[in-house]
Amino acid sequence: MRRRRHGRDRETPELDITAFLNLMVVLVPFLLVSAVFSRVTILELNLPSGAGGGAPDDPTVTVEVVVRKAALEISDGEKVIARFPNLNVAEETESEQPQVAGQETSFALLPTAEVYDLKKLTEFLLQVKASYPEKTDSILLMEAEIAYEHLVGVMDTVRGVDVRLEGSDPDDPDDPEAVEKVILFPDISIGDAP
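About the thresholds
- Residues numbered from 1 in each chain as written.
- Predicted model: local features only at pLDDT ≥ 70, side-chain atom pairs only at ≥ 80, totals over all residues.
- Heavy atoms only, no water.
- Pairing = 2+ DSSP bridges.
- Helix = DSSP H or I, 4+ residues; strand = E, 2+ residues; numbered from the N terminus.
- Axes fitted to C-alpha atoms, helices over the stretch in contact; angles between N-to-C directions.
- Patch = residues over 30% accessible without salt bridge, like charges linked within 9 Å, V, L, I, M, F, W, Y side chains within 5 Å.
- Areas by Shrake-Rupley, 256 points an atom, 1.4 Å probe, with all protein chains shown as cover.
- Salt bridge = Lys/Arg side-chain N within 4 Å of Asp/Glu carboxyl O.
- Buried < 20%, exposed > 50% of the residue type's maximum accessible area, 1.4 Å probe, protein only.

Asker: Give me the sheet that holds strand 3 (residues 80-85): which residues, what numbers.
Answerer: Adjacent strands of a sheet form backbone hydrogen bonds with each other and so pair up, either parallel or antiparallel. Strand order in this open sheet of 5 strands is 3-2-1-4-7, and the pairing throughout is mixed. In this open sheet, the two strands that pair with only one neighbour each are strand 3 and strand 7 (187-192). Strand-to-strand twist across the sheet, computed as the mean angle between neighbouring axes with direction ignored, equals 20°. Here strand 1 (residues 64-67) pairs with strand 2 (residues 71-75) via 4 bridges, running antiparallel. By the bridge assignment for strand 2, Glu-64 is matched with Ser-75.

Asker: Pulling in residues and values, what's your account of a nonpolar patch on the surface?
Answerer: On the surface, a cluster of nonpolar side chains totalling about 820 Å² of accessible area is made up of Leu-15, Ile-17, Phe-20, Leu-21, Leu-23, Leu-27, Phe-30 and Leu-31. Structurally, Phe-20 is set in helix 2 (residues 18-34). Under the relative-accessibility criterion, Phe-20 is labelled partly exposed at 49%.

Asker: Mind laying out the pattern of salt bridges, listing which residues take part and the relevant values?
Answerer: Within this structure, the stated rule accounts for 6 salt bridges. Between Glu-73 and Arg-83 there is a salt bridge; the shortest N-O distance is 3.4 Å. Placement of the pair is Glu-73 in strand 2 and Arg-83 in strand 3, with a sequence separation of 10 residues. Accessibility expressed as a relative area gives 49% for Arg-83, which makes it partly exposed. Of the charged contacts in the structure, one is a salt bridge between Asp-137 and Lys-135, with a shortest N-O distance of 2.6 Å. The buried category is assigned to Lys-135, whose relative accessible area is 2%. Residues joined by salt bridges that share partners form a network here, namely Arg-68, Glu-73, Arg-83 and Glu-143.

So, in structure tokens, the structure goes:
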């Protein structure tokens, strides 16, 4: 009786990975050089809690900015204290804009500064900040039909503004020492407008 033992006596062949390593040495630097790196900016928001656990900085004052299609409104939580009309409302009612099938034509296609008077909003928020320098929280409320770009534009205005220092040359926009970054209300809660 013969036994077959040739399967046990053989040695396992050695795996040659030299060619694979050569490929990786060339491929990895090529992929790193050709990779596209993107920068993602994250905007931190403070969402209000449902249980009322978070107390505002100053319970006597509330800064609410309400973004409506017709205007920007600043409220103290109870009543509107300032209103800045939409810059394009009069133009939209005077001339009818043609509707393209499947596309809504409105001021949502325009940049935020051309739709809302962000300069007046900034001036008013600077006055509020001067009255309440320790206040950092604010509420931004929006109607349902407002474009996302307008939300971001108004939010950037509420968070802070670049202010030209007194005595600086307004004709020299390249002077970095003539502009100061003023932080207004960086802790923003967002919601739906009533």
